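Reading the structure
Okay, here's what each chain looks like letter by letter:
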Amino acid sequence: MTILPIQRPRIRARAPLRISFAGGGTDVPPFPAEEGGSVLSATINRYAYGSLVPRTDRMITVESVDFKTTAEMTLDEEILCDGSLDLIKAAVRRFGREGTDGYDLVLRSSAPPGSGLGSSSTMMVALTGLLAGHYGQDLGDYQTAELAHAIEREDLGIAGGMQDQYAATFGGFNFIEFTDRVIVNPLRIRDEIVHELELSLLLCFTGITRDSARVIEDQTRRACASADDTLAGLRAQKELAVAMKAALLTGALQEFGELLGQAWTQKKRMSPLISNSRIDELYELARSKGALGGKITGAGGGGYILLFCDFTKKHRVIEALEFAGADVTEFAFDTKGLTTWRV
């Protein structure tokens, strides 16, 4: 009789990317501790994916499809962050080298890093889910988001906010409050409102990927120096997040689209690095063809512009933007957050 080797389960993970409607920047220290932050966001059908296959030795292999990079390390030696795949190495260091054999990791995302859809933080959430499963740790949603945030912001010192890790972990439409702690308020949006919103929104890729930390560092520097425009923009973002939440819950989508444009106006006050000539060109072109409002989905400087259009004018907006060389796509919302399973 042939004895087959024991197959240890593979672990898979999927976490959704997010679009932020208003409040981005108010989740970046020191503003939340001083005045409290509020963000309105929703997750979409674009994802960060991960796979973990256990090994019988102490080696770890990593393949990052997005960065077209591979790495090897051993659990018998200290794992150093040396500038290559540091997000992954920092996560492995957090979970530790004791009581485990090695594993093979493969990671990829539906959107490139620097796209403004929270792809790096979403990947960290997916990776946290994989490693928690492998190490036998049963983490709740808040614990998962907190750990993913700590690895990025504390262990690696990458400048940024807190919204992305919570959005990816919880999924769906959320109004997230940031003070001395984070509170995620899930929103119950009627199906017909969600369908109409999907029909009214576009994502326009500017063709520019950027380092969000650079934009955030400039915004933080200005906030710490009490720059009038930066603080006024942040405070307006908070108010707009509340107003847009009300418009969304009541189905006042025309108002929602107009407020989206106001959120962009206020966001640009926070740092001169948030917009540039290419973003302004595409935004004004979309507006001239019938877009009611829109804004950059992340820190700024590039990535995706989120646009609200009446469906009867949407095709004209798409044609104009594509003629200008932009990549335009429609999308759907996803109400599920981080999902892990075993194969």
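Residues numbered from 1 in each chain as written. Predicted model: local features only at pLDDT ≥ 70, side-chain atom pairs only at ≥ 80, totals over all residues. Heavy atoms only, no water.

Side note on empty space enclosed by the protein
Basically, it comes down to this: Whether a set of points on the 1 Å grid over the protein atoms alone is a cavity depends on a 1.4 Å probe fitting there but being unable to get out, while an open set qualifies as a pocket with protein on both sides within 12 Å along at least five of seven lines; lining residues are those with an atom within 4 Å of a point. Grid points are joined across faces, edges and corners, and a volume is the space filled by probe spheres set on the points. Under the DSSP-based scheme used, a helix requires at least four consecutive residues in state H or I and a strand at least two consecutive residues in state E, with every element numbered from the N terminus. For this classification, the nonpolar set comprises Ala, Val, Leu, Ile, Met, Phe, Trp, Tyr, Cys and Pro, the charged set comprises Asp, Glu, Lys and Arg, and every other residue, Gly included, is treated as polar.
Here the structure, examined in full by the defined rule, presents 1 cavity of 30 Å³ or more. Empty space within the largest cavity amounts to approximately 30 Å³. Lining the largest cavity are Gly 25, Val 28, Pro 29, Pro 30, Phe 31, Gln 219, Thr 220, Ala 223 and Leu 234. Take the lining of the largest cavity: its biggest share by element is 3 residues, from helix 7 (residues 212–224). Residue composition of the lining of the largest cavity, grouped by class: 6 nonpolar, 3 polar and no charged.

Things to note about the side chain of Thr 74
Stated precisely, the cut-off is as follows: Residue burial is assigned from relative accessible area. The probe radius is 1.4 Å, only protein chains are included, and a residue is buried under 20% of its type maximum, exposed over 50%, and partly exposed in between. The definition of a polar contact used here is a pair of N or O atoms within 3.5 Å, where within protein one atom must be able to donate a hydrogen and the other to accept one, and adjacent residues in sequence count solely through side-chain atom pairs. By definition, residues are in contact when any of their heavy atoms lie within 4.5 Å.
Assignment of secondary structure puts Thr 74 in strand 4 (residues 69–74). Of the residues examined, Thr 74 reaches a relative accessible area of 17% and is grouped as buried. Separated by 3.2 Å, the side chain of Thr 74 and the backbone nitrogen of Asp 76 make a polar contact. For Thr 74, the contacting residues outside a window of four places in its chain are Arg 58, Met 59 and Ile 79.

Describing the packing of helix 3 (residues 119–134) against helix 5 (residues 163–170)
This is how the line gets drawn: Orientation is described by lines fitted to C-alpha atoms, with helices fitted over the stretch in contact, and by angles between N-to-C directions that extend from 0 to 180 degrees. Geometric relationships in this document are graded by angle, where less than 35 degrees denotes roughly parallel, more than 145 denotes roughly antiparallel, 65 to 115 denotes roughly perpendicular, and other angles denote oblique. A clockwise turn of the near helix away from the far one marks a right-handed crossing, whereas an anticlockwise turn of less than a right angle marks a left-handed crossing.
Taken N-terminus to C-terminus, the directions of helix 3 and helix 5 make an angle of 50°; their axes are 8 Å apart at the nearest point. Comparing the axis directions of helix 3 and helix 5 gives the class oblique. At the point where helix 3 passes helix 5, the crossing takes the right-handed sense. Residues Ser 121, Thr 122 and Val 125 of helix 3 touch helix 5, and the partners they reach there are Asp 164, Gln 165, Ala 168 and Thr 169.

A look at the pairing of strand 1 (residues 11–22)
Here is the key point about a regular strand: its side chains alternate between the two faces of the sheet. Convention followed: Strands are treated as partners if at least two bridges between them are detected by DSSP.
Of all 12 residues making up strand 1, 10 are buried, and the element is well covered by its neighbours. Pairing geometry for strand 1 and strand 2 (residues 37–54), over 10 bridges, is antiparallel. The residue of strand 2 that forms the bridge with Arg 18 is Thr 43. Relative to strand 12 (residues 339–342), strand 1 is paired through 4 bridges, and the arrangement is antiparallel. The partner of Arg 14 across the bridge, within strand 12, is Thr 339.

Points about the sheet that holds strand 10 (residues 304–309)
Two pairing modes exist for strands in a sheet, parallel and antiparallel, and in both the strands are linked by backbone hydrogen bonds. Strand order in the open sheet made by the 4 strands is 9-10-8-11, with antiparallel pairing throughout. With one partner strand each, in any of the chains shown, strand 9 (291–296) and strand 11 (327–329) form the two edges of the open sheet. Put simply, the sheet's adjacent strands are angled 25° from each other on average, direction ignored. Alignment of strand 8 (residues 201–205) against strand 10, held across 5 bridges, turns out to be antiparallel. Note that in strand 10 the partner of Phe 205 across the bridge is Tyr 304. Running over the sheet, helix 6 (residues 191–200) touches strand 8 and strand 10 and is turned about 35° from strand 8.

Concerning the pairing of strand 10
With respect to burial, strand 10 is a largely interior element, 6 of its 6 residues being buried. Here strand 10 shows no split at all, with Tyr 304, Leu 306 and Phe 308 on one side and Ile 305, Leu 307 and Cys 309 on the other all buried. Here strand 9 pairs with strand 10 via 5 bridges, running antiparallel. Following the sheet pairing, Gly 293 is matched in strand 10 by Phe 308.

Focus on the packing of aromatic side chains
Convention followed: Stacked, tilted and edge-to-face are the three classes assigned to paired rings of Phe, Tyr and Trp, where Trp is represented by its six-membered ring and a pair needs centres within 6.5 Å; plane angles under 30 degrees give stacked, over 60 edge-to-face, the rest tilted. Distance and angle both matter: a charge sits over a ring if NZ of Lys or CZ of Arg is within 6 Å of the ring centre and within 35 degrees of the ring normal.
With the rule as written, the count across this model stands at 10 aromatic pairs. When the centroid spacing of 5.1 Å and the interplanar angle of 75° are considered together, the rings of Phe 21 and Phe 256 count as edge-to-face. Of this pair, Phe 21 sits in strand 1 while Phe 256 sits in helix 9 (residues 253–267), and the two are 235 residues apart along the sequence. Taken together through their ring pairs, the aromatic side chains of Phe 21, Phe 256 and Phe 308 make up a single cluster. Seen from the ring of Tyr 47, Arg 14 lies directly overhead, with NZ or CZ sitting 4.1 Å from the centre. The positively charged end of Lys 245 is found above the aromatic ring belonging to Phe 175, 4.3 Å away from the centroid.

Brief notes about the pattern of salt bridges
Counted only if it meets this: A side-chain nitrogen of Lys or Arg and a carboxyl oxygen of Asp or Glu constitute a salt bridge if their distance falls within 4 Å.
Counted under the stated rule, the structure contains 14 salt bridges. Where Arg 153 meets Glu 152, a salt bridge forms, and the shortest distance between an N and an O atom there is 3.5 Å. Glu 152 sits in the buried class, given a relative accessible area of 3%. The structure contains a network of salt bridges with shared partners spanning Arg 55, Asp 57 and Asp 104.

Describing helix 2 (residues 86–95)
In terms of burial, helix 2 is a largely internal element, 7 of the 10 residues being buried. Taken as a whole, helix 2 has its buried residues at Asp 86, Ile 88, Lys 89, Ala 90, Ala 91, Val 92 and Phe 95. Looking at the packing, one finds that the buried side of helix 2 touches strand 3 (59–64), strand 4, strand 5 (103–109), helix 3 and helix 4 (141–155). At the C-terminal side of helix 2, Gly 96 shows a positive phi close to 95°.

Some details on unusual backbone geometry
A cis amide bond links Pro 29 with the next residue in sequence, Pro 30, at an omega value of 10°. Tracing the sequence through the fold places Pro 30 in the loop between strand 1 and helix 1 (31–35). Backbone geometry places Lys 68, a non-glycine residue, at a positive phi of 50°. Mapping Lys 68 onto the fold places it in the loop between strand 3 and strand 4.

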